[in-house]
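# Architecture at a glance
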Amino acid sequence: MESKGASSCRLLFCLLISATVLRPGLGWYTVNSAYGDTIIMPCRLDVPQNLMFGKWKYEKPDGSPVFIAFRSSTKKSVQYDDVPEYKDRLSLSENYTLSISNARISDEKRFVCMLVTEDNVFEAPTIVKVFKQPSKPEIVSKALFLETEQLKKLGDCISEDSYPDGNITWYRNGKVLHPLEGAVVIIFKKEMDPVTQLYTMTSTLEYKTTKADIQMPFTCSVTYYGPSGQKTVHSEQAVFDIYYPTEQVIIQVLPPKTAIKEGDNITLKCLGNGNPPPEEFLFYLPGQPEGIRSSNTYTLTDVRRNATGDYKCSLIDKKSMIASTAITVHYLDLSLNPSGEVTRQIGDALPVSCTISASRNATVVWMKDNIRLRSSPSFSSLHYQDAGNYVCETALQEVEGLKKRESLTLIVEGKPQIKMTKKTDPSGLSKTIICHVEGFPKPAIQWTITGSGSVINQTEESPYINGRYYSKIIISPEENVTLTCTAENQLERTVNSLNVSAISIPEHDEADEISDENREKVNDQAKLIVGIVVGLLLAALVAGVVYWLYMKKSKTASKHVNKDLGNMEENKKLEENNHKTEA
């Protein structure tokens, strides 16, 4: 008789061999993996409490099982079956998840996770799909050139190491090429490597070209399936020489510019649309009826404004096939008068003109000492503050780099002018004497006391601004003194004196020098008063003239009246005499 343990063992073996019972609610499950990656297959079964062990197997094409991994629930040990293709590639975790490293095409199988108890076996199948991205397609065996109206092999598009196999598509200028009798012939074939089970796809394109294919890019692509779905990889572009006769000539200006200015170099390039292209052309310059024979380029250096005009080129053996282009050479002239360093005396008039001559409307900007002016400078009577560095700058906005500038350095000179003022301190203990000086170059100021001739060195000076500054001293004289202020520059030496009474003697203070702003206000008021007086004088003069004319007319009228009265008296006397004669 057989023992109970042996009977149980035999039953369990039979269950493992023949078990096909799926856990309720479990269906087909697919794991997608990329070639070379690690395949991860969860068991997808709830682990029963009375679990004895877990096991993984895969099924051969004929349905027979091959066990590959075993894990005991009690001993926590893992055993891998001796299957050569999975040696050192398997890993079974505690939750019975099976991992297969370095995925291969041969791993595409139906794997089954089996959890075994004393009285039952639970299974969860998993379908493994392996995908291999093909190499980037490449156009090889390319034609050296294509000729119009001839069906000729363009090239082969090859993509290797794909699984599953993919499809190849040809493109012209980004649009799909479809077979067309006599114009487009596509021959596709695929081969599988028996060792790696990877596919190589080859597509041959025969194409009948036309002139429209000049510089048109041809590409191909391979479409394949990967773990995440369908994908497409494109090849690099290939451009082919198209042979056909020249039917048109074009002329280009190099380098391409939106505008050409004086001093630029221009290269004319003539091209024929035939292939091979013509190597020589005739170039026609403005005003020259005879062409200049040259290669496909002709260079003009340092062009001037008189180079503006139409430029043409033609074939040497077919002059009627001609092309032309218009070139405008932009120019900009600036003339500043006067310019450079100019020295004038204060009060002088200085007309300034900045004359612009340009091929287009130019913008003009005036700067003084790097500060933009609102308008162009004009000097009817120069002041010291007018001195500075003036710049007239002009530019053509549409022409890059075309700008001109001229500068004027204005120097306003003047002989020293002196005005002295004095002021008694409110405390009555001192007097302030100020020597206001105007002139350029800056005059040097020296104080002396008349009589003694001693020089006063303890002075206070203001900043020298716009040709003016002052020197100030504070004294407390015990007797009447005369102070002399001497101002001297390269133009002249000017001396002025001021009598100052002793500190004990009260005297009238001199008004301080008025500022430029106040001086302008005073000048404006003076101009207003003078205008009013002149207006009144003109009105009086007009009134006098009118009165004189009136009196003259009155006297003339009186003379005419008296003459008329005398004539009437004479007439009366003649009539009386006539009456007497008749009687």
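Above this text sits the structure in question.
Structural notes, computed from the coordinates. (Residues numbered from 1 in each chain as written. Predicted model: local features only at pLDDT ≥ 70, side-chain atom pairs only at ≥ 80, totals over all residues. Heavy atoms only, no water.)

## Topic: the overall build of the chain
- The helix and strand tally for the chain stands at two helices and 43 strands.
- Expressed as a percentage of contacts within the chain between residues at least 6 apart in sequence, the contacts between residues at least 24 apart total 60%.
- Accessible surface for the chain amounts to roughly 35600 Å². Of this, 51% is attributable to carbon and sulfur atoms. (Helix = DSSP H or I, 4+ residues; strand = E, 2+ residues; numbered from the N terminus. Contact = heavy atoms within 4.5 Å. Areas by Shrake-Rupley, 256 points an atom, 1.4 Å probe, with all protein chains shown as cover.)

## Focus on the state of the cysteines
- Scanning all chains against the criterion turns up five disulfides.
- One disulfide in the model links Cys43 with Cys113; its S-S distance is 1.9 Å. Disulfide Cys43 to Cys113: torsion about the S-S bond roughly -80°, handedness left-handed. Of the two residues, Cys43 sits in the loop between strand S2 (39-41) and strand S3 (53-59) while Cys113 sits in strand S8 (residues 110-116), which places them 70 residues apart along the sequence. (Disulfide = S-S within 2.5 Å.)

## Looking at the sheet that holds strand S15 (residues 184-192)
- Spatial strand order, S10-S12-S16-S15: four strands in an open sheet with antiparallel pairing. If you trace the sheet from one side to the other, it starts and ends with strand S10 (138-140) and S15, each paired once. Taken pair by pair, the neighbouring strands of this sheet meet at an average axis angle of 25°, ignoring direction.
- Taken together, the nine bridges between strand S12 (residues 151-162) and strand S16 (residues 199-208) define a ladder with antiparallel strand orientation. Within the sheet, the bridge partner assigned to Leu151 lies in S16 and is Lys208. (Pairing = 2+ DSSP bridges. Axes fitted to C-alpha atoms, helices over the stretch in contact; angles between N-to-C directions.)

## Examining the nonpolar core
- Counting residues in each nonpolar core, the largest one holds 52 residues, and the members touching the most others are Met41, Trp56, Ile68, Leu98 and Phe111.
- For this core, the two domains that each supply at least three residues are domain 1 (30-131) and domain 2 (138-243).
- Contact partners of Ile68, with chain neighbours within four places excluded, come to Trp56, Lys57, Tyr58, Gln79, Tyr80, Asp81, Val83, Tyr86, Leu90, Leu98 and Phe111.
- Counting 19 residues, the second largest nonpolar core, distinct from the first, contains Leu268, Val303, Tyr311 and Leu315. (Core = buried A, V, L, I, M, F, W, Y, C linked by side-chain atoms within 4.5 Å. Buried < 20%, exposed > 50% of the residue type's maximum accessible area, 1.4 Å probe, protein only. Domains from an automatic or database assignment.)

## Some remarks on the environment of Ile251
- Tracing the sequence through the fold places Ile251 in strand S21 (residues 249-254).
- Taking the C-alpha atoms as reference points, Ile251 and Ser314, 63 residues apart in sequence, are found 9.1 Å from one another.
- Contacts of Ile251, omitting those with residues within four sequence positions, involve Leu268, Lys269, Cys270, Tyr311, Lys312, Cys313, Ala323, Ser324 and Thr325.

## Examining a nonpolar patch on the surface
- Together, Leu538, Leu541, Val545, Trp548 and Leu549 give the surface a local cluster of nonpolar side chains, amounting to about 510 Å² of exposed area.
- Summarising the element assignment, Leu538 is placed in helix H2 (residues 516-582). (Patch = residues over 30% accessible without salt bridge, like charges linked within 9 Å, V, L, I, M, F, W, Y side chains within 5 Å. Salt bridge = Lys/Arg side-chain N within 4 Å of Asp/Glu carboxyl O.)

## Points about the packing of aromatic side chains
- The tally for this structure, following the rule as stated, stands at 11 aromatic pairs.
- Ring centres of Phe283 and Tyr298 lie 5.8 Å apart, and the angle between their planes is 25°; on these two criteria the pair is classed as stacked. Taken together, the residues Phe283 in strand S24 (residues 281-284) and Tyr298 in strand S26 (residues 297-300) connect sequence positions 15 residues apart.
- Here the aromatic rings of Tyr464 and Tyr469 are separated by 5.7 Å at their centres, their planes lie at 80°, and the arrangement is edge-to-face.
- With relative accessibility at 4%, the residue Tyr469 sits in the buried group.
- Lying across the ring of Tyr331, Arg305 places its NZ or CZ 3.9 Å from the centre.
- A cation over a ring is seen here: Lys442 above Tyr469, with NZ or CZ 4.7 Å from the ring centre. (Phe/Tyr/Trp six-rings, centres within 6.5 Å; stacked < 30°, edge-to-face > 60°. Lys NZ or Arg CZ within 6 Å of the ring centre and 35° of its normal.)

## Concerning unusual backbone geometry
- Along the chain, Tyr163 connects to Pro164 via a cis peptide bond; the corresponding omega equals -10°.
- When you line up the elements, Pro164 lands in the loop between S12 and strand S13 (167-172).
- That bond from Asn337 to Pro338 is cis: its omega, -5°, falls within 30 degrees of zero.
- The topology assignment puts Pro338 in the loop between strand S30 (332-337) and strand S31 (340-345).
- A positive phi angle, near 60°, is found at Asp88, a position not held by glycine.
- Note on Asp88: relative accessible area 73%, which makes it exposed.
- Of note in this structure, Gln215 is not a glycine but carries a positive phi near 60°.
- Positionally, Gln215 belongs in the loop between S16 and strand S17 (217-226).
- By relative accessible area, which is 61% here, Gln215 ends up exposed.

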